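Coordinates in review
This is what each chain is made of:
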Amino acid sequence: MKISDTLTINAFGQKDLNYEDKVFLTFDIDWASDQVLNFTVDLLEQYELGATFFVTHHTPVLDRIKANPKFELGIHPNFNFLLNGDFRYGKTYQEVVEYYFAMVPEAVSVRSHSLVQSTQILDTFQSLGLKFDVNLLLPRRSQMVLHPMEHWAKGMTRIPYFWEDDIHLIYGDAFEVELYLNSEGLKIFDFHPIHVFLNSENLSRYDSARPHLQDFEKLQAFVNTQQEGILDFFHRLAKAIRS
C-alpha cells in the first residue's frame, strides 16, 4: 500500500478528507526534557513529516514546533492529580482543562494523559472550542476498522487511534510497520518522545531511566542499542511513508 503523506489531527476539519492513504503521527510529550523533545523534532524534520504534539508543559521547544507549518499543538491535560486529591492543575476538571488550554490557546485537538475522559470532560472540551478528541485507543488487534465519529456535543469529532508505543511494548508486538500500514481505516500512531529517544524495547528500560529523565547526560546511558525498539520502528515507519 502506498502511503502518500502525514497529516495533523486538524486535517479532519477539511471537507471530504480521504484518510485511507494517509498516516497521522501524534506525540504525547509527557514532560520530556528539551533535549529529548528536540531529538524527536529533529527526526520529524529530517524526514519532512507532519505531526501533532499533545502538550503537557511550557518549554521553549514549543516555539520551534509552532514555526514548522507541518506541525500542530494540541493539549494533553493530566487529570490524575485531581483524581488523587491534588489540585496543582485545578480544583475541578474544568479548571484542569483551562490550565492546559491557556498554554496552547490555538489548540483544536486534545488527548488526555492516561486517556481520562467522561461526559462532563468531553463537554468541557467542546465548550472551549476544541474540535477533535483523540481519547479512544482501539488497538489493531481489536480487528476494528477505525473511522472518525461525530460527537453528540455539536462541533466535536472523536478520532480513534490504533497504535501507542507503550501499549505496543506491553503487548510485546513485533516491530513490523507493514502490519499497520496495510490496515483499513484510520492510521493514527501515538509516540512518546522518551520512548523514541531511549529506543525502548520494553517498559523496564523506561522504569530504569525514570530517575534521570531530566538529567540528559545520565539519561543517555539508558539508550537501547542492542535490540529492536521504538526508535527503530519510527525509522521504518518514516521510511515507508517517504518511499
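Quick summary incoming for the structure in this document.

1. Observations regarding the environment of Met156
Here Met156 lies in the loop between β7 (149–150) and β8 (157–158). For Met156, a relative accessible area of 1% translates into the label buried. Sequence separation between Met156 and Leu122 is 34 residues; the distance between their C-alpha atoms is 9.0 Å. Setting aside residues up to four positions removed in sequence, Met156 forms contacts with Leu122, Phe125, Gln126, Leu130, Lys131, Phe132, Asp133, Met149, Glu150 and His151.

2. Thoughts on the packing of helix α4 (residues 93–103) against helix α5 (residues 119–127)
For the pair α4 and α5, interaxial distance at closest approach is 10 Å and the crossing angle is 40 degrees. Relative to α5, the element α4 lies oblique. Note that α4 runs across α5; the crossing there is right-handed. Of the residues in α5, those touching α4 at Tyr93, Gln94 and Val97 are Gln120, Ile121, Thr124 and Phe125. A class-by-class count of the residues in the contact of α4 with α5 yields 4 nonpolar, 3 polar and no charged.

3. Regarding unusual backbone geometry
Unusually for a residue other than glycine, Asp30 sits at a positive phi of about 45 degrees. For Trp31, which is not a glycine, the phi torsion comes out positive at approximately 60 degrees. With respect to the helices, strands and loops of the structure, Trp31 is situated in the loop between β2 (22–28) and α1 (34–47). The class of Trp31 is partly exposed, set by a relative accessible area of 27%.

4. Description of the layout of surface pockets
Vacant regions in the atomic arrangement are exposed by a probe of water-molecule size rolled over the atoms. Empty space within the largest pocket amounts to approximately 470 Å³. Listing elements by their share of the lining of the largest pocket, those giving two or more residues are α8 (193–198) and α9 (203–209). Broken down by class, the residue content of the lining of the largest pocket amounts to 10 nonpolar, 8 polar and 6 charged.

5. Observations concerning the packing of α1 against helix α11 (residues 230–242)
Remark: α1 packs on α11, axes separated minimally by 10 Å, with the N-to-C direction vectors making an angle of 25 degrees. As the angle between them shows, α1 and α11 are arranged roughly parallel. Between α1 and α11 the crossing geometry is right-handed. Here Phe39, Leu43, Leu44 and Tyr47 of α1 come into contact with α11, specifically with Leu231, Phe234, His235, Ala238, Lys239 and Arg242.

6. Re α4
If you check which residues of α4 are buried, you get Val96, Val97, Tyr100, Phe101 and Met103. Buried residues of α4, seen end-on, are gathered within an arc of 150 degrees and therefore sit on one face of the element. Buried residues along α4 sit in contact with β3 (51–55), β4 (71–75), α3 (80–83) and α5.

7. Let's talk about the nonpolar core
Core analysis: the largest hydrophobic core is formed by 69 residues, its most contacted members being Leu25, Phe53, Phe189, Phe191 and Phe234. No other element matches α11, which puts 7 residues into this core. One finds Val36, Phe197, Tyr206 and Leu213 within the second-largest nonpolar core, a separate group that totals 9 residues.

8. Focus on the environment of Phe39
Checked against the element boundaries, Phe39 lands in helix α1. The class of Phe39 is partly exposed, set by a relative accessible area of 27%. The spatial distance from the C-alpha of Phe39 to the C-alpha of Ile194 is 9.5 Å, given a sequence separation of 155 residues. Not counting residues within four places of it along the chain, the set of residues in contact with Phe39 comprises Val196, Phe197 and Leu231.

Reading the values: the criteria
Residues numbered from 1 in each chain as written. Predicted model: local features only at pLDDT ≥ 70, side-chain atom pairs only at ≥ 80, totals over all residues. Heavy atoms only, no water. Helix = DSSP H or I, 4+ residues; strand = E, 2+ residues; numbered from the N terminus. Buried < 20%, exposed > 50% of the residue type's maximum accessible area, 1.4 Å probe, protein only. Contact = heavy atoms within 4.5 Å. Axes fitted to C-alpha atoms, helices over the stretch in contact; angles between N-to-C directions. Parallel < 35°, antiparallel > 145°, perpendicular 65-115°, else oblique. Left-handed = near helix turned anticlockwise from the far one by under 90°. Nonpolar A, V, L, I, M, F, W, Y, C, P; charged D, E, K, R; others polar. 1 Å grid on protein atoms, 1.4 Å probe; cavity = no way out; pocket = protein on both sides within 12 Å on 5 of 7 lines; lining within 4 Å. Points joined across faces, edges and corners; volume = space filled by probe spheres on them. Arc of directions from axis to C-beta. Core = buried A, V, L, I, M, F, W, Y, C linked by side-chain atoms within 4.5 Å.

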